[in-house]
Amino acid sequence: MLGLVRVPVAVSSLGLLRLLGTPWSWSLAAGLGVYLGTGGWRFLYVVLRTAKRDLFGLYVLLRVKYSIRRHLRLGSTIPSIFAATAARHPDKPALVCESSGATWTFAQLASRSDGVAQWALGRAWAPGDVVAVYAESRPELVALWLGLAKVGVEAALLNFNLRRQALLHCVGVSGARALVFGAELADAVQEVSSALGSSMQLFCTGDLSAELLQSLSAQNLDRILASTPQTPPPPLTHSKSFNDRLFYIYTSGTTGLPKAAIVVHSRYFRIAEFGYYSFGMRSDDIIYNCLPLYHSAGNIMGVGQCLLHGLTVVVKRKFSASRFWDDCVKHNCTVVQYIGEICRYLLSQPVRPSEASHRVRLAVGNGLRPSVWEAFTQRFRVKQVGEFYGATECNCSIANMDGKVGACGFNSRILPGVYPIQLVKVNEESMELVRDSRGLCISCRPGEPGLLVGKINQQDPLRRFDGYANQDATNKKIAHNVFKKGDSAYLSGDVLVMDDLGYMYFRDRSGDTFRWKGENVSTTEVEGTLSGLLGQTDVAVYGVPVPGVEGKAGMATIAEATGGFDCEAFLKEVQAALPPYARPIFLRLSAQVDTTGTFKIQKTRLQREGYDPRHSADRIYFLNSRAGRYEALTEDLYSAITEGRVCI
């Protein structure tokens, strides 16, 4: 259980109350009056169960808010905060490259990023210019974006899985003047080099032949940096402040082309700082970071602990389920990061000695399925899971600070207004907000699923929404007249549900819930159940329209095991585990299920192809409810279903 950490002396009681911006005594008295006045003895039970959790959450909130205010007053930036960290720990390992074994001390990271800053100045790039970075994860990426930030240049951190049109799109929306790419991605760059245009400056890091460099009209960045002075850039090379742009991180693109989310210095600080205090990290922790550095979990929640708090971070180029625990033992890691399906992949691995001989006490991340949670902690003896909810750009992040199994965070039931987020009612198919007679959104009661929204206040770094490089994309994530007339709120696009104690549980991403036979089906819940039945196999669940039938029928795409798939045995287990309306009507057996670079299931292509056997060579089955079995879906059977000649 997390204990309370002493608040700095500089933060007086009066100062904390002013920072919170809420008249505490009034709020508490009003809260007690309302709850008790409406017969709410249940409220006393909630207080007893949640007071310790809420007080710790309040401490974290105030601690982060105080730090942000201080850095705003000082005119700090992430590079200036890192400079202070490096001065405190010059010889301590900052970043360890797991693939090469190279260790960078804080002094070395500082000098290498200084070299990048000098190089950028030599190119005459001005504050606000953008440089796209496209390479697999390694310490050099941190030195690149950090060095660029020292002179006000913004990095666009590209997903190294992108190819062709998606790659061109991401470079284009950032407005980048140059592209730095890893030698391992030279082929991908060559595919789009002609479309990038002659004005795009190309630089390569890593070993690449002179012939390939010449064919791409690219320069060897490693060679350039080796001859560049590694001295701090002159002061006042830019006038950027704590609320100005640091870099761009792209959304995963599960439902379309990625969007470039704007990350300002204060947002980077806020995400990393919340993680450090919410989950009880320590300055002597060693973090195993196998997440991509183009993603906020890897680059902010992970690397941010190095830059802000002086922790050592082991950077793995790519996630490897078979090497995960061996790496943790090798580097004496005490904290690991996960996202998406990583924990499930680890459970599917055979037992090995290293999974019981590591020193890991904390796993931090998001997307851990409740069906996997306890199996993961018990098998691998990890004492604490720090699950959180939050997107790179959102202003309504929440965290599970006390280890409640399955919860991705909480909001206080005692003083809900302290952190202005809410679950509001939506049409779960269209995701349109449901409004009352006044035109305001309707808050959900405990147990009712709703869209998570966060009140926007651009003057408060904790509540601001910086949006995307594309203004239209930004506008689509903002709703007006949500809590009261004239206000605005960020739309997370995710459906969550809250229990009586204020714990929140992720239910579905926007558009994933579908309605069938008068019931709402949560694809996340069905995926977790089916994956568990199949030994943690990859499963994608989604709704598909059937002509003449109300709602959408459930369809599951399953990564087929090499030993074959037994439809009869599968159906028996499904009938025992799922209610009739949640059982997949269609099955698709595929060699693999598409995932993003951050291990989120991609369904766009699968939904588009549906159950038409002409669109894929995969085997597709239909649940014949009258016969009580799955049958191979032929073109004739498909026609019969779409023409209404077969009853579903």
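Residues numbered from 1 in each chain as written. Predicted model: local features only at pLDDT ≥ 70, side-chain atom pairs only at ≥ 80, totals over all residues. Heavy atoms only, no water.

**Focus on the overall build of the chain**
Next up, step 1: Of the regular secondary structure elements, the chain holds 20 helices and 28 strands.
Next up, step 2: What you see for the chain is a C-alpha radius of gyration of 26 Å, in line with the 26 Å of a compact globule of 648 residues.
Next up, step 3: Per-residue burial over the chain gives 57% buried out of 648 residues.
Next up, step 4: At a minimum sequence separation of 6, the contacts of the chain that also span at least 24 residues come to 69%.
Next up, step 5: Total accessible area computed for the chain in this model is approximately 27,000 Å², and 52% of it derives from carbon and sulfur atoms. (Helix = DSSP H or I, 4+ residues; strand = E, 2+ residues; numbered from the N terminus. Rg over C-alpha atoms; globule rule 2.2 N^0.38 Å. Buried < 20%, exposed > 50% of the residue type's maximum accessible area, 1.4 Å probe, protein only. Contact = heavy atoms within 4.5 Å. Areas by Shrake-Rupley, 256 points an atom, 1.4 Å probe, with all protein chains shown as cover.)

**A few points about the packing of aromatic side chains**
Next up, step 1: Taken as a whole, this structure holds 24 aromatic pairs when the rule is applied.
Next up, step 2: Here the aromatic rings of Phe56 and Tyr59 are separated by 6.2 Å at their centres, their planes lie at 40°, and the arrangement is tilted. Residue Phe56 and its partner Tyr59 are both found in helix α3 (residues 41-74); the two are separated by three residues, about one turn of the helix. In this pair, the class of Phe56 matches that of Tyr59, namely buried.
Next up, step 3: An angle of 80° between the planes, with centres 5.9 Å apart, marks the rings of Phe247 and Tyr268 as edge-to-face. (Phe/Tyr/Trp six-rings, centres within 6.5 Å; stacked < 30°, edge-to-face > 60°.)

**Things to note about helix α18 (residues 567-577)**
Next up, step 1: All of the buried residues along α18 are Cys567, Phe570, Leu571 and Val574. Considered in projection along α18, the buried side chains sweep an arc of 100° and stay on one side of the axis. The exposed set on the far side of α18, more than 90 degrees from its buried face, consists of Glu568, Lys572 and Ala576.
Next up, step 2: Next to the buried residues of α18 lie α17 (523-533), β25 (552-559), β26 (586-590), β27 (619-624) and β28 (629-632).
Next up, step 3: Backbone nitrogen of Glu568 and a side-chain oxygen of the N-cap are separated by 3.1 Å at the start of α18; the cap is Asp566. (Arc of directions from axis to C-beta. Polar contact = N/O pair within 3.5 Å; in protein donor to acceptor, adjacent residues only side chain to side chain.)

**Here's the deal with the sheet that holds strand β24 (residues 539-545)**
Next up, step 1: Pairing within the open sheet is mixed, and its five strands lie in the order β24-β25-β26-β27-β28. Either end of the sheet is taken by a strand with one partner, and the two such strands are β24 and β28. Strand-to-strand twist in this sheet, taken as the mean axis angle between neighbours without regard to direction, amounts to 30°.
Next up, step 2: Across seven bridges, the pairing between β24 and β25 is antiparallel. Bridge pairing in β25 links Pro545 to Lys552.
Next up, step 3: On the sheet, α17 packs against β24 and β25 and is oriented at approximately 135° with respect to β24. (Pairing = 2+ DSSP bridges. Axes fitted to C-alpha atoms, helices over the stretch in contact; angles between N-to-C directions.)

**Things to note about empty space enclosed by the protein**
Next up, step 1: Considering all chains together, one arrives at three cavities of 30 Å³ or more under this definition.
Next up, step 2: In this structure, the second largest cavity occupies an estimated 40 Å³ of space.
Next up, step 3: The wall of the second largest cavity is formed by Gly340, Glu341, Cys343, Arg344, Gly367, Leu368, Arg369 and Val372.
Next up, step 4: Looking at side-chain class alone, the lining of the second largest cavity contains three nonpolar, two polar and three charged residues. (1 Å grid on protein atoms, 1.4 Å probe; cavity = no way out; pocket = protein on both sides within 12 Å on 5 of 7 lines; lining within 4 Å. Points joined across faces, edges and corners; volume = space filled by probe spheres on them. Nonpolar A, V, L, I, M, F, W, Y, C, P; charged D, E, K, R; others polar.)

**Regarding the nonpolar core**
Next up, step 1: Counting residues in hydrophobic clusters, the biggest one holds 137 residues, and the most contacted among them are Trp119, Trp145, Phe181, Phe247, Tyr268 and Leu307.
Next up, step 2: With ten residues, α3 is the largest single contributor of residues to this core.
Next up, step 3: Dropping the residues within four chain positions of it, Phe181 is found in contact with Tyr134, Ala186, Val189, Leu202, Phe203, Cys204, Thr205, Leu208, Leu216 and Ala218.
Next up, step 4: Val521, Ala540, Val541 and Val593 belong to the second largest nonpolar core, which has 40 residues in total. (Core = buried A, V, L, I, M, F, W, Y, C linked by side-chain atoms within 4.5 Å.)

**Brief notes about the state of the cysteines**
Next up, step 1: As enumerated under the stated definition, the model contains zero disulfides in all.
Next up, step 2: With no disulfide of its own, Cys333 lies closest to Cys328 among cysteine sulfurs, the gap being 4.9 Å. (Disulfide = S-S within 2.5 Å.)

**A word on the side chain of Asp285**
Next up, step 1: Relative to the helices and strands, Asp285 resides in the loop between α11 (265-278) and β10 (286-289).
Next up, step 2: Note on Asp285: relative accessible area 1%, which makes it buried.
Next up, step 3: Within polar-contact distance, the side chain of Asp285 engages the backbone nitrogen of Arg282 at 2.7 Å.
Next up, step 4: In this structure the side chain of Asp285 is engaged in a polar contact, spanning 2.8 Å, whose partner is the side chain of Thr334.
Next up, step 5: When sequence neighbours within four positions are dropped, the list of residues in contact with Asp285 reads Leu311, Thr312, Thr334, Val335 and Arg361.

**Observations regarding the packing of helix α4 (residues 78-88) against helix α6 (residues 139-150)**
Next up, step 1: Across the interface, α4 lies against α6 with an axial gap of 9 Å and an inter-helix angle of 115°. As summarised for this structure, α4 and α6 are arranged roughly perpendicular, according to the angle between their axes. In this structure, α4 uses Ile78, Pro79 and Phe82 to contact α6, whose residues at the interface are Trp145, Leu146, Ala149 and Lys150.
Next up, step 2: Its residues assigned to classes, the contact of α4 with α6 shows six nonpolar, no polar and one charged. (Parallel < 35°, antiparallel > 145°, perpendicular 65-115°, else oblique.)

**Overview of the pattern of salt bridges**
Next up, step 1: Under the defined criterion, the tally for this structure stands at 32 salt bridges.
Next up, step 2: For Arg138, the salt bridge goes to Glu184, with nearest N and O atoms at 3.0 Å. Here Arg138 is found in the loop between β3 (130-134) and α6, whereas its partner Glu184 is found in the loop between β5 (178-182) and α8 (186-196), with 46 residues between them in sequence.
Next up, step 3: Between Arg464 and Asp466 there is a salt bridge, with the nearest N and O atoms lying 2.7 Å from each other.
Next up, step 4: Each of Glu98, Lys316, Arg323, Asp326, Asp327 and Lys330 takes part in salt bridges that share partners, so that together they form one network. (Salt bridge = Lys/Arg side-chain N within 4 Å of Asp/Glu carboxyl O.)

**Observations concerning the sheet that holds strand β13 (residues 362-366)**
Next up, step 1: Read from one edge of the open sheet, eight strands run β2-β1-β11-β10-β12-β13-β14-β15, paired in mixed fashion. Edge positions in the sheet fall to β2 (103-105) and β15 (398-399), since each of these pairs with one other strand and no more.
Next up, step 2: Taken together, the five bridges between strand β12 (residues 335-339) and β13 define a ladder with parallel strand orientation. Note that in β13 the partner of Ile339 across the bridge is Asn366.

**Overview of the side chain of Ser488**
Next up, step 1: By secondary structure assignment, the location of Ser488 is in strand β20 (residues 488-498).
Next up, step 2: Excluding anything up to four places from it in sequence, Ser488 contacts Lys455, Ile456, Ile478, Ala479 and His480.

**A closer look at the environment of Ser357**
Next up, step 1: Mapped onto the elements, Ser357 comes out in the loop between α14 (342-347) and β13.
Next up, step 2: For Ser357, a relative accessible area of 46% corresponds to the partly exposed category.
Next up, step 3: A polar contact of 3.4 Å, which involves the side chain of Ser357, links it to the backbone oxygen of Pro353.

**Things to note about the packing of α6 against helix α12 (residues 296-309)**
Next up, step 1: Taken N-terminus to C-terminus, the directions of α6 and α12 make an angle of 75°; their axes are 12 Å apart at the nearest point. By the angle between their axes, α6 is roughly perpendicular relative to α12. Between α6, through Val142, Trp145 and Leu146, and α12, the contact on the second element is made entirely by Asn299, Val303 and Leu307.
Next up, step 2: Class assignment for the residues of the contact of α6 with α12 results in five nonpolar, one polar and no charged.

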